[in-house]
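# Examining the three-dimensional arrangement
This is what each chain is made of:
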Amino acid sequence: MTPPYSIHPTDHIPLLAAHVIEQVSHRAIRRRGVAHIALSGGSTPRALFRLLADEPWRHRIPWADIHLWWVDERWVPPDDPESNYGVCYALLLKHLSHFTAHRVLTEQNSPEQSAERYAQELRGVFQLGPYARPRFDLILLGMGPDGHTASLFPGTAILNERKALVAVGHAPQPPHTRITLTYPVLNRSAYDLFLVTGASKGPALQQIFTAADGDTSLPAARVRPSRGKLHWLLDESAAAAAGLLPSGKSPPFAPV
Ligand code: 6PG
């Protein structure tokens, strides 16, 4: 089945994502006193980070009660320009008066140790038993032109990981070594929200959205939360390149 999606002007995507973050976090905090949100890296989220760092969003989002996590991280130091945490810190976190960030500690001796350390932090903070999986309130995801998401790349063995919460991924483009959440975590989320912009994503989107049976051969298409909301926010460039315009058939977007 085709995943739910909606099509918007490029500059509307960060604003819509900000509204989702605001509504999801306030609801989670009302219910449990805390919200857990996982962020992706890459270029698409940068406009969102800049928006959230500025007024009114800097004070509209209840940052003091949000735990921020990373969907994936490159195996580089946190001050490296390729670091997903580093980019988020530079564009957003350093402008906040208070935040709780659980970054992937890439200073460990090996990527495997970083992955295990991150999994231990997930288990500890979510207070999980040895076989339980964390349920995020919101996971923001992107998609590469090859249909990867997180650091789950086509043809890699970790696509089949069903037990580990965190794994070591290998990207075709540098930095090649990545630490990534796995499908057991992504598909346990209360809300998986894709932000996909740009014509380069067209062929992968077309494969995902126009295949009659909802092709799940691409990694991004395998994100299907079992008990959660899934939505793809597409910009007009990506949608046009995928043959999804005119957008008459995409229903209006309801943030939560
Ligand atoms: C990363 C991301 C990755 C990203 C896609 C899309 O570490 O690069 O987590 O999964 O979401 O590659 O990247 P763009 O937003 O740059 O197109």
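Scroll up for the structure.
Please read all numbers here as calculations on a predicted model, not as lab measurements.

## Considerations on the sheet that holds strand 1 (residues 5-8)
- An order of 1-10-9-6-2-3-5 is seen for the seven strands of this open sheet, with the pairing classed as parallel. Strand pairing shows two members of the sheet lacking a second neighbour, strand 1 and strand 5 (100-102), which therefore form its edges. Going from strand to strand, the sheet's axes swing by 20° on average, the running direction of each strand aside.
- Bridging between strand 1 and strand 10 (residues 229-235) involves four bridges; their strand directions are parallel. When the sheet's bridge partners are listed, Ser6 is paired in strand 10 with Leu233.

## Focus: the site of the ligand
- Every one of the 16 residues lining the ligand counts as a neighbour, but Ser43, Thr44, Asp72, Ala150 and Lys201 are closest to it.
- Residue Arg74 places a side-chain N or O atom 2.7 Å away from an oxygen atom belonging to the ligand.
- At 2.6 Å, a backbone N or O of Ala150 approaches an oxygen atom of the ligand.
- In the complex, 90% of the free accessible area of the ligand, which totals 420 Å², lies under the protein chains.

## Quick look at the pattern of salt bridges
- Per the counting criterion, the structure on display carries six salt bridges.
- Residue Arg60 is joined to Glu22 by a salt bridge in which the shortest nitrogen-to-oxygen separation is 2.9 Å. Placement of Arg60 in helix 3 (residues 57-60) and of Glu22 in helix 1 (residues 13-32) is noted, with a sequence separation of 38 residues between them.

## Here's the deal with the sheet that holds strand 7 (residues 166-170)
- Read across the sheet, three strands follow the order 4-8-7 without closing on themselves; strand pairing throughout is antiparallel. Two strands bound the open sheet, and with one partner strand each, they are strand 4 (72-74) and strand 7. Shown here is a sheet whose adjacent strand axes are inclined to one another by a mean of 25°, direction ignored.
- Of the pairings in the sheet, the one linking strand 7 to strand 8 (residues 177-181) comprises five bridges and is antiparallel in character. Opposite Val168, over in strand 8, you have Ile179 as the bridge partner.

## Details of empty space enclosed by the protein
- Inspection of the entire model under this criterion finds one cavity of 30 Å³ or more.
- Its volume calculated, the largest cavity comes out at about 30 Å³.
- Along its surface, the largest cavity is lined by Ile21, Ile37, Leu39, Leu52, Trp63, Leu68 and Leu92.
- Of the residues in the lining of the largest cavity, the class split is seven nonpolar, no polar and no charged.

## A look at the side chain of Thr149
- Here Thr149 is to be found in the loop between strand 6 (138-141) and strand 7.
- The exposure class of Thr149 is buried, given its relative accessible area of 0%.
- Once residues lying within four places of it in the same chain are set aside, the contact partners of Thr149 are Leu141, Gly142, Phe194, Pro219, Ala220 and Val223.

## Regarding the packing of helix 2 (residues 44-53) against helix 4 (residues 84-91)
- For the pair helix 2 and helix 4, interaxial distance at closest approach is 8 Å and the crossing angle is 35°. For helix 2 against helix 4, the interelement crossing comes out right-handed. Judged by residue contacts, Arg46, Phe49, Arg50 and Ala53 of helix 2 engage Val87, Cys88 and Leu91 from helix 4.
- Residues belonging to the contact of helix 2 with helix 4 are distributed by class as follows: five nonpolar, no polar and two charged.

## Quick look at the nonpolar core
- Ranked by size, the top nonpolar core spans 81 residues in total, and within it Leu186 and Trp232 carry the most contacts.
- Looking at this core element by element, the count peaks at nine residues for helix 1.

## So, the packing of aromatic side chains
- Across all of its chains, the model carries 10 aromatic pairs by this definition.
- Both rings, one in Tyr5 and one in Phe209, keep their centres 5.0 Å apart while their planes meet at 70°; by these two values the pair is edge-to-face. With a gap of 204 residues between them, Tyr5 in strand 1 and Phe209 in helix 7 (residues 202-209) connect regions that are remote in the sequence. Considered together, Tyr5 and Phe209 belong to a single accessibility category, that of buried residues.
- Here Trp70 and Tyr85 contribute two aromatic rings whose centre-to-centre distance is 5.2 Å and whose plane-to-plane angle is 70°, an arrangement assigned as edge-to-face. Here the residue Trp70 occupies a position in strand 3 (residues 66-70), and Tyr85 occupies one in helix 4, the gap between them amounting to 15 residues.
- Tyr85 sits in the buried class, given a relative accessible area of 14%.
- Every member of this aromatic cluster is reached through a ring pair, and the members are Tyr5, Phe194, Phe209 and Trp232.
- Its guanidinium or amino end placed over the ring of Trp57, Arg60 lies 4.0 Å from that ring's centre, counting from NZ or CZ.
- Note that Arg103 overlies the ring of Tyr85, its terminal NZ or CZ placed 5.8 Å from the centroid.

The rules behind the values
- Residues numbered from 1 in each chain as written.
- Predicted model: local features only at pLDDT ≥ 70, side-chain atom pairs only at ≥ 80, totals over all residues.
- Heavy atoms only, no water.
- Pairing = 2+ DSSP bridges.
- Helix = DSSP H or I, 4+ residues; strand = E, 2+ residues; numbered from the N terminus.
- Axes fitted to C-alpha atoms, helices over the stretch in contact; angles between N-to-C directions.
- Near = heavy atom within 4 Å.
- Polar contact = N/O pair within 3.5 Å; in protein donor to acceptor, adjacent residues only side chain to side chain.
- Areas by Shrake-Rupley, 256 points an atom, 1.4 Å probe, with all protein chains shown as cover.
- Salt bridge = Lys/Arg side-chain N within 4 Å of Asp/Glu carboxyl O.
- 1 Å grid on protein atoms, 1.4 Å probe; cavity = no way out; pocket = protein on both sides within 12 Å on 5 of 7 lines; lining within 4 Å.
- Points joined across faces, edges and corners; volume = space filled by probe spheres on them.
- Nonpolar A, V, L, I, M, F, W, Y, C, P; charged D, E, K, R; others polar.
- Buried < 20%, exposed > 50% of the residue type's maximum accessible area, 1.4 Å probe, protein only.
- Contact = heavy atoms within 4.5 Å.
- Left-handed = near helix turned anticlockwise from the far one by under 90°.
- Core = buried A, V, L, I, M, F, W, Y, C linked by side-chain atoms within 4.5 Å.
- Phe/Tyr/Trp six-rings, centres within 6.5 Å; stacked < 30°, edge-to-face > 60°.
- Lys NZ or Arg CZ within 6 Å of the ring centre and 35° of its normal.

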